[in-house]
Structures are given as C-alpha cells and as structure tokens.
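Residue-level structure breakdown
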Amino acid sequence: MAKKTNAEYIEDLQNNSDVVILNNPIATPTFIRQLSKSKKAEINEVYTPKLFYEIASRLKPSDLENLSRNTNIVLTLEIKEFLKSIQTTNTSGYSYLIDSIKMLQTTLVEWIEGRETIIVPIISQSVHKHDSGKIDLYISHDLAKQILQVKETENFSFFKKNVFALQTTRSIKLFPFFSSWKNYGRPIDVELKSFKEKLGFNKAVYSRFSSLKKHVIDPAIQ
C-alpha cells in the first residue's frame, strides 16, 4: 500500500471527529466577549474552549463545498452527550450549557496570523429544539474556512477527549500550546513575557520565574 501524502493524512484527521487538527496560528486562541462597542473581556471558563474544540473537530472540508460566504454550516449538538464527553460534574450542566451557548453568540475567537489579528464570532446563531435535547449551532463560513485551512506543515493535532478531561481554564490553555510544539521534537524555548502574554496569564501566576529571561519547557504530551 502506498504511503499517504501529508495532504491525505491531514484530510483523514479532518474527517475524524475524535481529533482536533489546527494550524499553529490558532494554537492558543483567545476567547473574547464583546461587552459593548468599545469594551471587551477575555473568557475564563471551561465551556467556551471545549465547545470550540468540539466544533473544530466536527467541521469537515466537504462542509465548505458550494457554500458562499453569506451562509453558515449547521452542527447539531446533542447536549447530554456533550456534557458527558466533557466530564462535567456540575448538576446544573444542562441549563448552564444552554445559557453558555447563548452567550457564545456574542463571544469572539481571536487569533494572530502574520501581521493580522482576526476576530470572528464562534456561533453566528443557535436554534434550541425544545424537549429534544438538541441544539443547532450555526458556524460562519469565515471561521470554518480558517479552521479547515490546515497547512501541510506547521499543523498539530490532538484527541479532543484529552482536553475535555481537563477541568481548569489554565490547563485547557496550556494543553493545545504544548501540543502545537510536539512536531518540533525538542523542548519549548520561549521568552517568559511572550509566554505569559500569549496565554493570558497574569504576573502573579508565574512570579516565581520573575528572575529568568526565558523559561524552557519540555512538551512531553501523549
């Protein structure tokens, strides 16, 4: 059997809903909620990134076929199954997730690509089918296209169940960042200031490294 090309390998991952595959420019997306015309706030809870990775894992190249920029991709979320997959221990998880999805319609995902900062809504629209346990999530063409534009180099992937098992915002931010470095096969060598800014950590979190100019991390992620 002929060895698969990089493009074929990437396509297989994109069609596997258990896997999230992304380009490094959105390795660590920052989730921003627009509070007003001039005021924004970063989202620091576990539902937003997990729902984003669920969406990313389920988008397929075929979803963009014959799709114009003015239209959306519709993904149906089985709420009970999703809550089970993210291992929530919150007894009010069902109602909390419904409220969270509503808020995601005003939540933006922000990433840097080259000299551009790109900001798009995570969910353009949602339709909750009452008494069905399901909700339709409408994903914009631009966001879907960005997620699916995976290059043959500088990409990374991980099983979404691994990030779903994490229960703190800090660990959920760190996991994709470390995963994005696996292909390099060497420790992460990053300026501490850049590391903190990229992941949105405040000064107090890494005060013990304040005397260092850089912090080297070994991304031993399975």
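Further up the page is the structure itself.
The notes below deal with the structure included here. Remember, predicted model here, so these are calculated numbers, not experimental data. (Residues numbered from 1 in each chain as written. Predicted model: local features only at pLDDT ≥ 70, side-chain atom pairs only at ≥ 80, totals over all residues. Heavy atoms only, no water.)

Glancing now at the overall build of the chain. The helix and strand tally for the chain stands at 8 helices and 11 strands. Counting over 222 residues, the chain shows a buried share of 42%. When the accessible area of the chain is evaluated, it comes to approximately 12800 Å², of which 49% is carbon and sulfur surface. (Helix = DSSP H or I, 4+ residues; strand = E, 2+ residues; numbered from the N terminus. Buried < 20%, exposed > 50% of the residue type's maximum accessible area, 1.4 Å probe, protein only. Areas by Shrake-Rupley, 256 points an atom, 1.4 Å probe, with all protein chains shown as cover.)

With that out of the way, let us pick up unusual backbone geometry. The phi dihedral of Asn66 falls on the positive side, at around 60°, and the residue is not glycine. Note on placement: Asn66 falls in the loop between α2 (47-58) and β4 (72-78). When its relative accessible area of 86% is taken as the criterion, Asn66 is described as exposed. Backbone geometry places Asp131, a non-glycine residue, at a positive phi of 65°. Mapped onto the fold, Asp131 is located in the loop between β7 (125-129) and β8 (134-140). By relative accessible area, which is 85% here, Asp131 ends up exposed.

Using the criterion set out here, one finds 1 cavity of 30 Å³ or more in the structure. Reported here for the largest cavity is a volume of approximately 50 Å³. Lining the largest cavity, in full, are Leu13, Gln14, Val19, Ile21, Ala56, Ser57, Leu59, Ile147 and Leu148. When contributions to the lining of the largest cavity are tallied by element, the ones reaching two or more residues are α1 (6-14), β1 (19-23), α2 and α5 (141-148). (1 Å grid on protein atoms, 1.4 Å probe; cavity = no way out; pocket = protein on both sides within 12 Å on 5 of 7 lines; lining within 4 Å. Points joined across faces, edges and corners; volume = space filled by probe spheres on them.)

Below, the discussion takes up the environment of Asn15. Of note, Asn15 is situated in the loop between α1 and β1. On the accessibility criterion, Asn15 (38% relative accessible area) is partly exposed. Along the backbone, Asn15 and Ser57 are 42 residues apart, and their C-alpha atoms lie at a distance of 8.2 Å. Sequence-distant contacts of Asn15, that is, excluding residues within four places in its chain, are made with Lys60 and Pro61. Within the structure, Asn15 has its side chain in polar contact with the backbone oxygen of Glu11 (distance 2.8 Å). (Contact = heavy atoms within 4.5 Å. Polar contact = N/O pair within 3.5 Å; in protein donor to acceptor, adjacent residues only side chain to side chain.)

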